[in-house]
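Each chain is listed here by its residues.
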Amino acid sequence: MNTQFQLNNKNILVTGASSGIGKQVAISCSEMGARLFITGRDKNRLNETFQSLKGKGHFQAICDLVNENERSAFIESLPAMDGLVHCVGIVMPMPVKFVEDKHIQHVMETNFNSAVLLVSKLLRTKKLNKNSSLVFISSIAAHFPYIGGALYNSSKAAIEAYSRNIAQEMAGTGLRSNCIVPAMVDTPMYAETLKGIKLTHEEYSAKYPLGIGKPEDIANAAIFLLSEASRWITGTNLSIDGGYALTVI
Ligand SMILES: NC(=O)c1ccc[n+]([C@@H]2O[C@H](COP(=O)([O-])OP(=O)(O)OC[C@H]3O[C@@H](n4cnc5c(N)ncnc54)[C@H](OP(=O)(O)O)[C@@H]3O)[C@@H](O)[C@H]2O)c1
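Residues numbered from 1 in each chain as written. Predicted model: local features only at pLDDT ≥ 70, side-chain atom pairs only at ≥ 80, totals over all residues.

(A) Up close: the overall build of the protein chain. Scanning the protein chain from N- to C-terminus turns up nine helices and seven strands. The principal-axis extent of the C-alpha atoms belonging to the protein chain is close to 45 × 45 × 40 Å. A burial count over the protein chain gives 44% of its 249 residues as buried. The contacts of the protein chain with a sequence gap of at least 6 include a subset with a gap of at least 24, amounting to 73%. (Helix = DSSP H or I, 4+ residues; strand = E, 2+ residues; numbered from the N terminus. Buried ≥ 20, exposed ≤ 12 C-beta atoms within 10 Å, placed from the backbone. Contact = placed C-beta atoms within 7 Å.)

(B) Region of the structure containing the sheet that holds strand β1 (residues 11-15). What the seven strands build is an open sheet, ordered β3-β2-β1-β4-β5-β6-β7; its pairing is parallel. Each edge of the sheet is formed by a strand with only one pairing partner; in this case those strands are β3 (59-62) and β7 (237-240). Taken over all neighbouring pairs, the strand axes of this sheet differ in orientation by 15 degrees on average, direction set aside. By the bridge criterion, four bridges tie strand β6 (residues 176-182) to β7 in an arrangement that is parallel. By the bridge assignment, Val181 is partnered in β7 with Ser239. Lying on the sheet, helix α4 (residues 101-124) is in contact with β4 (81-86) and β5 (128-137); it crosses β5 at an angle near 175 degrees. (Pairing = 2+ DSSP bridges. Axes fitted to C-alpha atoms, helices over the stretch in contact; angles between N-to-C directions.)

(C) Main features of the environment of Val91. Within the secondary structure, Val91 is located in the loop between β4 and α4. Along the chain, Val91 and Gly149 lie 58 residues apart, while their C-alpha atoms are 8.0 Å from each other.

(D) Structural view of the site of the ligand. The ligand sits among 27 residues. The nearest are Gly16, Gly20, Gly89, Thr187 and Met189. Among the secondary structure elements, those contributing two or more residues to the shell around the ligand are α1 (20-31) and α6 (188-197). When its residues are assigned to classes, the shell around the ligand shows 13 nonpolar, 10 polar and four charged. (Near = placed C-beta within 6 Å. Nonpolar A, V, L, I, M, F, W, Y, C, P; charged D, E, K, R; others polar.)

(E) Structural detail: the nonpolar core. Judged by nonpolar contacts, the single largest core of 60 residues is most densely connected at Ile12, Val14, Val25, Cys29 and Ala222. Take this core: its biggest share by element is seven residues, from helix α8 (residues 215-226). (Core = buried A, V, L, I, M, F, W, Y, C linked by C-beta atoms within 7 Å.)

(F) Inspection of unusual backbone geometry at higher detail. Phi is positive for Asn9, close to 65 degrees, though the residue is something other than glycine. In this model, Lys126 sits at a positive phi of 55 degrees, which is unusual for a non-glycine residue. Along the chain, Lys126 turns up in the loop between α4 and β5.

What follows is the structure in structure tokens.
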């Protein structure tokens, strides 16, 4: 039997696990045998995810990853991880002419700084086992902009550059780092984005030959990137877009 896609005996940290993609990533990883360490800010929704995990020995913690004290205490509480899927993210649709410093700070500290500071602390406190795999969730919007997406799209371009840098800098230790680059996936963030760009689901999904994605589509890719099956893959971006890019080329 091919067991390379299994996550048995792996400790996997999933951030943003209280909603959408992170929730499904956590559930799917538990179905593949991993021991999950999940975090989010909303207690009830995080607990819902926790109750849906398969198997035993999982761990949940409420943490605002933008808050330095909370982030530090959370990381200190962890054993060493074999993988991270960082799903924290916010959108803030806004025309470029209205962007102010406070908007940049809010989007960047959530979508970018949280990842950078999480990883540096995990490394300094030796909470990443040899041959760990880091997975960041970028967005196809970093490559195919939409009106109003300047801040969000820039934060995602930054995470892709950051991931490639980790991959290069840490390759000697066996640590791998990759991004998943989804197009639109049906989560609460999708509903929020539709409101921001003033399109209906029907109008928006017309651009997708294979329809809008499901959180499971992203979770399956995360499993692959966390597993031994992807042992020779690092510093790459895996686009998952239901054919969206084919329609805009
Ligand atoms: N959905 C899409 O179409 C799509 C497409 C491309 C990329 N992505 C990316 O995929 C990731 C997940 O998106 P999603 O659609 O699943 O969004 P979502 O349903 O809105 O979930 C976002 C998650 O981020 C958490 N979060 C936000 N700010 C946080 C903070 N300061 N500290 C800790 N957690 C925080 C939220 O926690 P609480 O709810 O508990 O506050 C929630 O669990 C994001 O990075 C997003 O940019 C999404």
